[in-house]
Amino acid sequence: MQSAQLISSDSVSLQSDMFGSVVVGIGTAGFVRVRDMLAPLPSSAAEKLSVKGFISRRILEEQQGVKQITVEDALSRDDIKVAFVCTENAAHEENIRMFLEAGKHVCVEYPMAMTHKTAVELWDLAQEKGVVLHEEHIELLTADFKQLKKDVAGKRLEEGFLHFTGGPLKPGFGFPAFSGIARLTWLVDLFGELSVTAASMEEDQQNKYMKMTAQLITKEQKPLTWIEEWAPGLSRAKDINFRFDSCTITQLPPATREPVGIFMQDLVLFSQKLLGQVPRDQLHAERRRVLHCLELADRIQQLSLQGSAQDT
């Protein structure tokens, strides 16, 4: 009998250490978040997450055995300590602010906000509430990017070019500098903090065509060109050309598929933050990078819209 009581006590202790979570938005990213919490990486910090429900504007049946709950429930329930915000970009700020105000930790798909100023406010709010705010950047976790970063290390950039193409942008995803901030984050992570020297925007709404071009410069005064081009029929692809003092890289390096998926890697990182396992200097560097990229996106949007206004 004493043994049974001991097991029961341990079970209660284990449950009290769990971070009950809700997923807001049940599209592709939301589905993956639910899946990964139901089957976390063994012996990782992600095992401390427990999905309690999902939120959607639609009335849906259970998803992977997880029930739909209301926003009000998620905000008020003591057993829900974490929110995963997986909505369209335009709804990120409202959802993040709401859950932070309720004292919940938040993991959000990039970008966390549509302006740099708003992102600073949200991060300050998280600090005030004593909770974790994490912006997902799975593009930094892919095997090909990790290999590219190794290949670039130690080389001196002379000039760079990154051209992304894809199908038409969906409503609610914002200006291309924000919807495509993953590519901007690539450039900053590879080459350090950047400045914007020029930016322009071409758009044909009738044909759902959009092209943004940003001219950037490194601290060493080396030029980088970033292009986001969206239109029906365009395949999703990245074209790169990075010219260094010793060589030129014109394609992503081949990389072996990793056994742990990129969303699971991000889930583990977020969970480590919840458990206080991430060094303070790493947290500071990440926040600086995220805010720097959003500030660049702000400037690119400003210059692009100025140019469009002058053209008209």
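About the criteria used
- Residues numbered from 1 in each chain as written.
- Predicted model: local features only at pLDDT ≥ 70, side-chain atom pairs only at ≥ 80, totals over all residues.
- Heavy atoms only, no water.
- Buried < 20%, exposed > 50% of the residue type's maximum accessible area, 1.4 Å probe, protein only.
- Helix = DSSP H or I, 4+ residues; strand = E, 2+ residues; numbered from the N terminus.
- Pairing = 2+ DSSP bridges.
- Contact = heavy atoms within 4.5 Å.
- Axes fitted to C-alpha atoms, helices over the stretch in contact; angles between N-to-C directions.
- Salt bridge = Lys/Arg side-chain N within 4 Å of Asp/Glu carboxyl O.
- Arc of directions from axis to C-beta.

The chain has the name Biliverdin reductase A in an unreviewed UniProt entry, where Oncorhynchus mykiss is given as its organism.

Q: If you had to explain the pairing of strand E8 (residues 209–218) to someone new, which residues and values would you point to?
A: Among the 10 residues that make up E8, seven are buried, leaving the element largely enclosed by the rest of the structure. With 10 bridges joining them, strand E7 (residues 194–204) and E8 adopt antiparallel strand pairing. Bridge pairing in E8 links Ser 200 to Thr 213. Between E7 and E8, which follow one another and run antiparallel, lie four residues, and Lys 208 among them has a positive phi close to 55 degrees. Hairpin connection from E8 to strand E9 (residues 223–230): four residues lie between these consecutive antiparallel strands, with Gln 221 at a positive phi of about 65 degrees.

Q: Can you explain the sheet that holds E9? Please cite residues and give values.
A: Taking strand neighbours across the sheet as the criterion, the six strands line up as E7-E8-E9-E6-E10-E11 in an open arrangement whose pairing is mixed. Edge strands, defined here as strands with exactly one partner in the open sheet, are E7 and strand E11 (248–249). Of the strand pairs in this sheet, strand E6 (residues 157–166) and E9 are connected by seven bridges, and their pairing is parallel. Paired with Gly 166 across the bridge in E9 is Trp 230. Those strands touched by helix H8 (residues 181–191) are E6, E7, E8, E9 and strand E10 (237–244), and its axis lies near 160 degrees from that of E9.

Q: So, the pattern of salt bridges: which residues are in play, and what are the values?
A: Inspection of the entire model under this criterion finds 19 salt bridges. Salt-bridge contacts for Asp 36 lead to Arg 35; the nearest nitrogen and oxygen are separated by 3.0 Å. Between Lys 146 and Glu 258 there is a salt bridge, with its nearest N and O atoms 3.1 Å apart. Of this pair, Lys 146 sits in helix H6 (residues 143–152) while Glu 258 is found in the loop between E11 and helix H9 (262–274), placing the two residues 112 residues apart along the sequence. In this structure Lys 146 comes out as partly exposed when scored by relative accessible area, which is 28%. With a relative accessible area of 30%, Glu 258 lands in the partly exposed category. Because the salt bridges share partners, they merge into one network encompassing Glu 93, Arg 97, Lys 117 and Glu 121.

Q: Outline the environment of Pro 176, listing residues and values.
A: Within the secondary structure layout, Pro 176 lies in helix H7 (residues 176–179). Accessibility expressed as a relative area gives 1% for Pro 176, which makes it buried. Through-space distance from the C-alpha of Pro 176 to that of Met 212 is 6.8 Å; in sequence the pair is 36 residues apart. When neighbours within four sequence positions are excluded, Pro 176 is seen to be in contact with Leu 169, Ile 181, Met 201, Met 210, Met 212, Trp 226, Glu 228 and Trp 230.

Q: Outline H6, supporting the account with residue identities and numerical values.
A: Considered for burial, the residues of H6 that qualify are Phe 145, Leu 148 and Val 152. Across the axial projection of H6, the buried residues extend over an arc of 55 degrees, all falling on one side. Of the surrounding secondary structure, the elements contacted by the buried residues of H6 are H8, E10 and E11. The positive-phi residue at the C-terminal boundary of H6 is Gly 154, with phi of around 85 degrees.

Q: Before we move on, can you summarise H8 with the specific residues and values?
A: Every α-helix carries 3.6 residues per turn, so stepping three or four residues along brings you back to the same face. With 10 of 11 residues buried, H8 is to be regarded as a mostly interior element. Of all the residues in H8, the buried ones are Ile 181, Ala 182, Arg 183, Leu 184, Thr 185, Trp 186, Leu 187, Val 188, Leu 190 and Phe 191. One or two positions beyond H8, positive phi appears at Gly 192, with a value near 90 degrees.

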